[in-house]
Amino acid sequence: MRNWRTGPILTALLVAAGLARGQAPPPAHQVKYFHITILSTMLADRGVGEWGFAALVEADGRRLLFDAGYRPETVLQNARELGIDLSTVTDVVLSHHHGDHTGGLATLRRELAKKNPAALSRVHVAPGIFLSRRCPAMAAGASNGSCGMMGNEAGGDEEANPTIAVKKELEALGATFIEHPSAAELLPGVWVTGPVRRRYPERNWNPAIQIVTPGGLAADSVPEDMSLVIRTDKGLVVVTGCGHAGVVNTVEYAREIAGPGPVYAVVGGLHLFAAKDEALAWTADKLHAAGLVDLLGAHCTGIETVFRIRQLAGLTRKTAVVGAVGASFDSDRGIDPLALAQ
């Protein structure tokens with residue numbers, strides 16, 4: 001694997017050196033206009049709903065696909081129904097290894113490459129995404145839901161990381177994987193976090209899945225979990241796949257890498273559907289303190305969770321919405337929830 005675009009990486013090194021000498025960093029890039037459209041999640045009145053996540057991120061005329069949904073055809077079909085042409089999108093960011101975020105990628109690459117050979121040809125990931133996993137719970141007779149909800153259907157001695165196979169298929173289709181061991185600016189004002197620094201003990205992952213290590217099986221905390229950060233004149237917008245690193249950890253890390261200021265919007269999955277009341281209250285308090293104004297909570301966030309955070313963080317029906325297929329968040333108009341999710 002190789003790092004993409006040495007420019008931002010070299011800039012980061014020069015900035016660090018300048019700070020060490022007491023020099024001020026160069027002005028941070030800001031996105032003037034962005035539009036985020038959800039292409040995969042459970043709720044839908046247009047297109048097909050599924051347990052998965054994908055979103056198209058447009059920033060000042062450039063576009064990225066963030067995650068690729070679960071079933072092979074879902075994102076492809078939903079984009080077509082919404083009138084969105086994904087063939088001009090060259091870069092995709094995978095938040096983590098679970099099949100409900102990577103399952104549609106091979107089909108998308110195969111179909112879109114017929115129109116544009118460069119379509120989804122660069123795949124951005126963080127270290128750990130291709131680690132071998134197992135699900136001992138299924139071997140012991142537990143229901144498929146123990147691992148299957150994450151898109152990891154295999155159990156026992158079988159490989160439970162579906163993205164290992166996706167990587168082989170994508171590389172056979174001519175795609176390249178770019179690994180980000182730390183934060184990187186993919187577009188001016190748009191960052192991938194790389195692995196998120198975990199200050200708080202948010203445990204938003206599936207205990208049934210374990211990583212294969214030389215010393216045996218170890219808990220899979222989804223170490224590769226990363227998010228997208230957009231810097232605007234209003235503050236930061238964070239796009240998450242599942243938020244396995246913890247949405248509070250992610251929000252605070254976003255401010256470290258993309259500059260100080262409020263995190264005024266969060267879009268995507270927060271993996272809080274099963275969170276207890278105390279955890280939701282703590283999360284809402286931290287998000288409110290970070291400056292949260294808009295929440296478009298999709299996928300594994302949980303419908304009740306969105307309502308509770310809305311209440312606890314002082315948001316409204318217009319600013320805290322359950323995400324649906326086709327719902328969007330826009331720098332000018334805010335959240336467009338579609339009729340289904342209002």
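Please refer to the structure placed before this passage.
Below: a short report on this structure. On a predicted model such as this, the values are computed, not experimentally measured, just so you know.

About the criteria used
Residues numbered from 1 in each chain as written. Predicted model: local features only at pLDDT ≥ 70, side-chain atom pairs only at ≥ 80, totals over all residues. Heavy atoms only, no water. Helix = DSSP H or I, 4+ residues; strand = E, 2+ residues; numbered from the N terminus. Buried < 20%, exposed > 50% of the residue type's maximum accessible area, 1.4 Å probe, protein only. Contact = heavy atoms within 4.5 Å. Pairing = 2+ DSSP bridges. Axes fitted to C-alpha atoms, helices over the stretch in contact; angles between N-to-C directions. Parallel < 35°, antiparallel > 145°, perpendicular 65-115°, else oblique. Left-handed = near helix turned anticlockwise from the far one by under 90°. Core = buried A, V, L, I, M, F, W, Y, C linked by side-chain atoms within 4.5 Å.

It is worth spelling out the overall build of the protein chain at this point. Check the secondary structure of the protein chain and you find ten helices and 18 strands. Relative to its 342 residues, the protein chain shows a buried fraction of 54%. Contacts in the protein chain between residues at least 24 apart in sequence constitute 74% of all its contacts with a sequence separation of at least 6.

Sheet topology note: the strand β8 (residues 184–187)/strand β9 (residues 190–192) ladder contains three bridges and is antiparallel. Paired with E185 across the bridge in β9 is W191. Here β8 hands over to β9 after two residues, with G189 in that stretch at a positive phi of 85°.

The geometry of a pair of packed helices is captured by two quantities: the angle between their axes and the separation between those axes. At a minimum axis distance of 9 Å, the contact between helix α9 (residues 277–290) and helix α10 (residues 303–312) shows a crossing angle of 50°. By the criterion of interaxial angle, the relationship of α9 to α10 is oblique. You can see that α9 and α10 cross each other, and the crossing is right-handed. Residues D277, L280, A281 and A284 of α9 lie in contact with α10, whose contacting residues are T305, R308, I309 and L312.

Before going further, it helps to examine the sheet that holds strand β6 (residues 133–134). Pairing between the strands of a sheet comes from backbone hydrogen bonds, and it takes one of two forms, parallel or antiparallel. The strand order across the open sheet built from three strands is β6-β10-β11, with neighbouring strands paired in antiparallel fashion. Every other strand in the sheet has two partners, leaving β6 and β11 (216–219) as the edge strands with one partner each. By the bridge criterion, four bridges tie strand β10 (residues 210–213) to β11 in an arrangement that is antiparallel. Across the sheet, the residue bridging to V212 is L217, located in β11.

Let's shift gears to the nonpolar core. The biggest cluster of nonpolar side chains holds 31 residues, and the ones touching the most others in it are I36, L228 and F329. Those residues in contact with I36 that lie beyond four places of it in its chain are A55, L56, V57, I230, V237, V239, V267, A327, S328 and F329.

The next subject is helix α2 (residues 74–81). The complete set of buried residues in α2 reads T74, V75, L76, N78 and A79. The first or second residue beyond α2 is G83, which carries a positive phi of 75°.

Fair warning: the whole summary comes from geometry, so function is off the table for now.
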